Amino acid sequence: MINKILIIVSVILILLGLGGAKTKNMKKKLLFLCISTIGMVVLPVSLWNLFGVKGGLRQAVFQLPALICFVLLFCNICKKNELTSVEELAGMRQKMPFLYTAAVIFAVVLAGFPATGTFYGIMYSLLGLLGGDFGICTYLGMFGVIAGIAISVMLTFSILKQAYLSGDVKLKSTSGGLAVVVAVIALLLVILCIFQNQAMSVIDNPIEKIFS
């Protein structure tokens, strides 16, 4: 019963992300992205079966660092430049090409594009839903997963689209320390996606023993 309740709660969190679709306010858009992503991570773990937990941990390992860096990056840019609207980000790609590239990487990982660790986490999550005895909540959970992908794409790429446009090249960049951290984590996520089977085996083996 607790599993079904958690599935419902997770789907509600995911769908709350739709609140960021129409708003132009950066803080609100990023807040809704955070809420939706948390729902995406909690949903598979709440299944509490082998595939669900595997999927949830994979999503946590890839999505949470990407989310944190994406949010911190744009919050810092907005704070330094006193921006409040998404539309004011125009010119970021020109002024900060490397940071923009890092932001794209984070968005791709968050959305779960094929070949990312998030993608395989989502596949495991769907298997966990299909393999569990959750009744109607199985289909509700699958709807939530698909909706979560769509919402993540919608929110992140609406921000990146505006940042890609030509605009004020006088935008102040982030602090050097944050820029280095963001760039390093983006690179690590790419490497982790390439070698995810080897990296995730450290997590998979204990989980398989628990559910064996």
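First things first, this report covers the structure right here in the doc.

Basis of the calculations
Residues numbered from 1 in each chain as written. Predicted model: local features only at pLDDT ≥ 70, side-chain atom pairs only at ≥ 80, totals over all residues. Heavy atoms only, no water. Salt bridge = Lys/Arg side-chain N within 4 Å of Asp/Glu carboxyl O. Helix = DSSP H or I, 4+ residues; strand = E, 2+ residues; numbered from the N terminus. Buried < 20%, exposed > 50% of the residue type's maximum accessible area, 1.4 Å probe, protein only.

1. Things to note about the pattern of salt bridges
- The full count for this structure, using the stated rule, is 2 salt bridges.
- The partner of Glu 208 in a salt bridge is Lys 54, with the nearest N and O atoms 2.7 Å apart. Here the residue Glu 208 occupies a position in helix H9 (residues 196-210), and Lys 54 occupies one in helix H3 (residues 50-81), the gap between them amounting to 154 residues.
- According to the relative accessible area criterion, Lys 54 is buried, its value standing at 7%.
- Arg 58 is the salt-bridge partner of Asp 204, the closest N and O atoms lying 2.8 Å from each other. Taken together, the positions of Asp 204 in helix H9 and Arg 58 in helix H3 put the pair 146 residues apart, joining distant regions of the chain.
- According to the relative accessible area criterion, Asp 204 is buried, its value standing at 9%.
- We classify Arg 58 as buried; its relative accessible area is 5%.

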